[in-house]
Amino acid sequence: MNKIYPSAAAALEGLVEDGMTLAVGGFGLCGIPEALIAALRDSGKKNLTVISNNAGVDGFGLGQLLTTRQISKMISSYVGENKEFERQYLSGELELEFNPQGTLAERLRAGGAGIPAFFTRTGYGTIVADGKETRQVPDGHWYVPETALKADVSLVKAWKADRSGNLVFRRTARNFNPACAMAGKVCVAEVEQIVETGAIDPDHVHLPGIYVDRIVLNANPEKR
């Protein structure tokens, strides 16, 4: 099975439709799939729900999709440094599901692991817990249940891939990418290098290729 596609647009062809939920890797502008985000913008697909730690900045990263009004809902943990995000949310144009950062990471991990929900102490006694069940367990602490997150399509960024889709991330650019990849029904990975299968030491693989369906090469990302 050939997982390598000639362009980001080709890698998204036939995958993304209006109203879909996407999980997009990255933290701030670190480790974001720049080419795939641009291709998603150019696709014109709209009414998207996007799960991502944040929405880039004005005019770059996921911020581009806010400018074009393609995102109707963000599931995030940080909304700073993006005036358009702030404006759309405060004016009621953009729905926001706010999560503590660790909770967002665990919701994605649970989605990939097939765990439907989990209990966490984070957020108990705050607005994060409003409208949610709370439960006291034998350790005496109160917990809030949080549901897993799953996506129709995941867009992630890695440093290196082999032709089977095994991925290696580079330092802090790993961030939310593996969890996003595992939470998606289909995963598209943007990478800076592609090597032959077997060229990556199995002990150095950060994400097995079974989670990756399509690969696109972006050898010279902007990396703002």
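So, here is what we can say about the structure in this document.

So, how was this worked out
- Residues numbered from 1 in each chain as written.
- Predicted model: local features only at pLDDT ≥ 70, side-chain atom pairs only at ≥ 80, totals over all residues.
- Heavy atoms only, no water.
- 1 Å grid on protein atoms, 1.4 Å probe; cavity = no way out; pocket = protein on both sides within 12 Å on 5 of 7 lines; lining within 4 Å.
- Points joined across faces, edges and corners; volume = space filled by probe spheres on them.
- Helix = DSSP H or I, 4+ residues; strand = E, 2+ residues; numbered from the N terminus.
- Nonpolar A, V, L, I, M, F, W, Y, C, P; charged D, E, K, R; others polar.
- Expected span 1.5 Å × (residues − 1).
- Buried < 20%, exposed > 50% of the residue type's maximum accessible area, 1.4 Å probe, protein only.
- Arc of directions from axis to C-beta.
- Polar contact = N/O pair within 3.5 Å; in protein donor to acceptor, adjacent residues only side chain to side chain.

Notes on the layout of surface pockets
Then comes step 1: Put simply, the largest pocket is a space of about 200 Å³.
Then comes step 2: Taken together, 14 residues form the lining of the largest pocket, with Gly31, Lys157, Ala173, Glu192 and Lys223 sitting closest to its centre.
Then comes step 3: Ranked by the residues each element gives to the lining of the largest pocket, the list is headed by strand β9 (residues 151–162), at 3 residues.
Then comes step 4: Taken together, the residues of the lining of the largest pocket sort by class into 7 nonpolar, 1 polar and 6 charged.
Then comes step 5: Taken as a whole, the second largest pocket encloses approximately 160 Å³ of empty space.
Then comes step 6: Around the second largest pocket, the lining residues are Leu96, Glu97, Phe98, Asn99, Pro100, Thr103, Arg107, Val128, Lys132, Pro145, Glu146 and Thr147.
Then comes step 7: The set of elements that each furnish at least two residues to the lining of the second largest pocket consists of β5 (95–98), α5 (101–113) and β8 (142–147).
Then comes step 8: For the lining of the second largest pocket, the per-class residue count stands at 5 nonpolar, 3 polar and 4 charged.

Considerations on α5
Then comes step 1: Over its 13 residues, α5 extends 18 Å from the first C-alpha to the last, a length consistent with the 18 Å expected when each residue adds 1.5 Å.
Then comes step 2: Taken together, the buried positions of α5 are occupied by Thr103, Leu104, Arg107, Leu108, Ala110 and Gly111. Looking down the long axis of α5, one finds its buried residues gathered within 160 degrees of arc, a one-sided arrangement.

Overview of the side chain of Glu84
Then comes step 1: By secondary structure assignment, the location of Glu84 is in helix α4 (residues 83–90).
Then comes step 2: The exposure class assigned to Glu84 is buried, which follows from its relative accessible area of 17%.
Then comes step 3: A distance of 2.8 Å separates polar atoms of two side chains, one belonging to Glu84 and the other to Gln88.

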